[in-house]
Amino acid sequence: DTEVTQTPKHLVMGMTNKKSLKCEQHMGHRAMYWYKQKAKKPPELMFVYSYEKLSINESVPSRFSPECPNSSLLNLHLHALQPEDSALYLCASSQGRPGGAYGYTFGSGTRLTVV
Amino acid sequence: GQQVMQIPQYQHVQEGEDFTTYCNSSTTLSNIQWYKQRPGGHPVFLIQLVKSGEVKKQKRLTFQFGEAKKNSSLHITATQTTDVGTYFCVNTGTASKLTFGTGTRLQVTL
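Note that the structure is a prediction, hence the values are computed from the model and not measured. (Residues numbered from 1 in each chain as written. Chains lettered and ligands numbered in written order. Predicted model: local features only at pLDDT ≥ 70, side-chain atom pairs only at ≥ 80, totals over all residues. Heavy atoms only, no water.)

A. Representation of the overall build of chain A. Along its length, chain A carries 0 helices and 11 strands. Starting at the N terminus and ending at the C terminus, chain A contains elements arranged as β-β-β-β-β-β-β-β-β-β-β. Taken against the 2.2 N^0.38 rule, which gives 13 Å for 115 residues, the C-alpha radius of gyration of chain A at 13 Å falls within 12% of a compact globule. Along the first, second and third principal axes, the C-alpha atoms of chain A reach 40 × 25 × 25 Å. Within chain A, buried positions represent 48% of all 115 residues. Taking the contacts inside chain A whose residues are at least 6 apart along the sequence as the reference set, 55% of them involve residues at least 24 apart. (Helix = DSSP H or I, 4+ residues; strand = E, 2+ residues; numbered from the N terminus. Rg over C-alpha atoms; globule rule 2.2 N^0.38 Å. Buried < 20%, exposed > 50% of the residue type's maximum accessible area, 1.4 Å probe, protein only. Contact = heavy atoms within 4.5 Å.)

B. Expanded view of the state of the cysteines. All names here are of chain A. Overall, the coordinates contain 2 disulfides over all chains when judged by the stated rule. Between the sulfur of C23 and that of C91 lies a disulfide, 1.9 Å long from S to S. For the disulfide bridge between C23 and C91, the dihedral angle about the S-S bond is near -70°, and by the sign convention the bridge is left-handed. Here the residue C23 occupies a position in strand β3 (residues 18-25), and C91 occupies one in strand β9 (residues 87-94), the gap between them amounting to 68 residues. (Disulfide = S-S within 2.5 Å.)

C. View of the pairing of strand β4 (residues 31-37) of chain B. Residues and elements named next belong to chain B. With 7 of 7 residues buried, β4 lies mostly within the body of the structure. Across the two faces of β4 the burial is the same, with N31, Q33, Y35 and Q37 and I32, W34 and K36 all buried. As paired elements, β4 and strand β9 (residues 85-92) share 7 bridges and run antiparallel to each other. Bridge assignment links Q37 to a residue of β9, and that residue is T86. (Pairing = 2+ DSSP bridges.)

D. View of the sheet that holds strand β3 (residues 19-25) of chain B. Residue and element names in this part refer to chain B. In spatial order, the strands read β1-β3-β8-β7-β6; together these 5 strands make up an open sheet with antiparallel pairing. Both edges of this open sheet fall to β1 (4-7) and β6 (55-58), since each of them pairs with a single strand only. Direction aside, the axes of adjacent strands within the sheet are offset by 15° on average. Sheet topology places β6 next to strand β7 (residues 61-65); 4 bridges connect them, and they run antiparallel. (Axes fitted to C-alpha atoms, helices over the stretch in contact; angles between N-to-C directions.)

E. Spatial organisation of the packing of aromatic side chains. In this structure the tally under the stated criterion is 14 aromatic pairs over all chains. Joined through ring pairs, the aromatic side chains of Y33, Y35, Y104 and F106 of chain A together with Y35, F45, F88 and F100 of chain B make up one cluster. (Phe/Tyr/Trp six-rings, centres within 6.5 Å; stacked < 30°, edge-to-face > 60°.)

F. Layout of the sheet that holds strand β1 (residues 4-7) of chain A. All names here are of chain A. Across the sheet, 4 strands lie side by side as β1-β3-β8-β7; this open sheet has antiparallel pairing. The sheet is open, and its two edges are formed by β1 and β7 (64-70), each paired on a single side. Averaged over all pairs of adjacent strands, the angle between strand axes in this sheet comes to 20°, irrespective of strand direction. Of the pairings in the sheet, the one linking β1 to β3 comprises 4 bridges and is antiparallel in character. Opposite Q6, over in β3, you have C23 as the bridge partner.

G. Spotlight on the interface of chain A and chain B. Across the contact, 23 residues belong to chain A and 21 residues belong to chain B. Taking both sides of the interface into account, the surface hidden between chain A and chain B amounts to around 1,500 Å²; carbon and sulfur atoms contribute 56%. Here chain A and chain B share 0 salt bridges between them. Viewed at the interface, chain B and chain A are joined by 3 residue pairs in polar contact (both at pLDDT 80 or more). Secondary-structure elements contributing two or more residues to the side of chain A that touches chain B are β4 (31-37), β5 (44-50) and β9 of chain A. (Buried area = accessible area lost by both parts, 1.4 Å probe. Salt bridge = Lys/Arg side-chain N within 4 Å of Asp/Glu carboxyl O. Polar contact = N/O pair within 3.5 Å; in protein donor to acceptor, adjacent residues only side chain to side chain.)

H. Looking closely at the side chain of K36 of chain A. Residue and element names in this part refer to chain A. Here K36 is to be found in strand β4. Given a relative accessible area of 16%, K36 falls into the buried group. Not counting chain neighbours up to four residues away, the residues in contact with K36 comprise P42, P43, E44, M46, E84, D85, A87, L88 and Y89.

I. A look at the nonpolar core. Counting residues in each nonpolar core, the largest one holds 22 residues, and the members touching the most others are W34, F64, L76 and L78 of chain A. Every element with two or more residues in this core is listed here: β2 (10-13), β3, β4, β5, β7, β8 (73-79), β9 and β11 (110-114) of chain A. Ignoring sequence-local partners within four residues, the contact set of L78 of chain A consists of L11, M13, N17, K18, K19, L21, R63, F64 and L112 of chain A. Among the nonpolar cores identified, the runner-up in size contains 20 residues, and I47, L49, I76 and V108 of chain B belong to it. (Core = buried A, V, L, I, M, F, W, Y, C linked by side-chain atoms within 4.5 Å.)

J. Highlighting the side chain of S50 of chain A. Residue and element names in this part refer to chain A. Take S50: it is sitting in strand β5. For S50, a relative accessible area of 10% translates into the label buried. Other than its neighbours up to four places away in sequence, S50 contacts R30, S55, R97 and P98.

Rendered as structure tokens:
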């Protein structure tokens, strides 16, 4: 299995809703990432997990809450989002520690619309 | 913070023409990775460059890392419609910053 699987593929949520994005990989990668990508812009790093521990939080608002239950799973819990949070949310994983010698494998993303 | 700029932002070529995107940094880059993102898709890893002056080839794609490790380039020979997408360079190698370049969007027409 050489894939990163993200669910759901599309999500529409209201500003008062609570939802979660899920990411799963079975490649044995120990670094996992959440990125946010707005249209026609590069992905922006949100969070980095290394060996199931949060190692980087790029000053992301607390309405985004990451969780890494085990080495294969990464969640992003969403609460009280704003319309400007609408974007493509990408999960990625890589071997070893973050910033190492390996390429990242990205999931196909969750396209989130906040109404 | 460190910014990784890519030029051009957009290029439209006819199939068969060559294409080059340049990645420039104001500070020394650690390692450089290149990714391709098709329209509506997700970034796909192409290659990593580590050494100063390194050159790597993948079929019609040639990747270079500058001698001072402050720039990199991706050259595509004889473009095809399958090359359409946005090409990103990414500065890796440090745990603190994993920075995508601004990207170059390539359009190829027959």
